Amino acid sequence: MKKSILLIPALLLGIAACTPTEQGAAFGGASGAAIGALASGNKVEGAIIGGAIGTVAGALVGRASENSNRCVYRDEYGRRYEARCPRGY
């Protein structure tokens, strides 16, 4: 039980480094799986379907919240930074 309690902050810190699209997909997938498992008679099937639907919906919501004329890049050390997108995006 203690290990699972310690795992939650580690996962949240890992998700904090993601883009809004990735964060939306992660949270949408997790909450969709939980809701699908609770609402379905077959918990595994409900979790799979709910997780898939939640992932897609969360990614769409996260993408809509991103600044459309900014792109996210990573430098050679893995650090993220945002800059103006090249023309054509």
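Everything here concerns the structure above.
On a predicted model such as this, the values are computed, not experimentally measured, just so you know.

Q: I tried to follow the overall build of the protein chain on my own but got confused; where do I start?
A: A tally of helices and strands in the protein chain yields three helices and two strands. When its helices and strands are written in sequence order, the protein chain yields α-α-α-β-β. Expressed as a percentage of the 89 residues in the protein chain, the buried residues total 20%. Residue pairs at least 24 apart in sequence account for 34% of intrachain contacts in the protein chain once pairs closer than 6 positions are excluded. Taken as a whole, the protein chain presents about 6,900 Å² of accessible surface, with 66% of it coming from carbon and sulfur.

Q: When you look at the packing of helix H2 (residues 20-39) against helix H3 (residues 43-64) in this model, what are you seeing that I'm missing?
A: What describes two packed helices is the angle between their axes and the distance between those same axes. Relative to each other, H2 and H3 sit at 155°, their axes nearing to 6 Å. With respect to their mutual orientation, H2 and H3 come out roughly antiparallel. Here H2 runs over H3; the crossing is right-handed. Mapping the contact onto sequence places Pro20, Thr21, Gly24, Ala25, Gly28, Gly29, Gly32, Ala33, Gly36 and Ala37 in H2 and Lys43, Gly46, Ala47, Gly50, Gly51, Gly54, Thr55, Gly58, Ala59, Gly62 and Arg63 in H3. By residue class, the composition of the contact of H2 with H3 is six nonpolar, 13 polar and two charged.

The rules we used
Residues numbered from 1 in each chain as written. Predicted model: local features only at pLDDT ≥ 70, side-chain atom pairs only at ≥ 80, totals over all residues. Heavy atoms only, no water. Helix = DSSP H or I, 4+ residues; strand = E, 2+ residues; numbered from the N terminus. Buried < 20%, exposed > 50% of the residue type's maximum accessible area, 1.4 Å probe, protein only. Contact = heavy atoms within 4.5 Å. Areas by Shrake-Rupley, 256 points an atom, 1.4 Å probe, with all protein chains shown as cover. Axes fitted to C-alpha atoms, helices over the stretch in contact; angles between N-to-C directions. Parallel < 35°, antiparallel > 145°, perpendicular 65-115°, else oblique. Left-handed = near helix turned anticlockwise from the far one by under 90°. Nonpolar A, V, L, I, M, F, W, Y, C, P; charged D, E, K, R; others polar.

Don't take any of this as a statement about function, it's just geometry.
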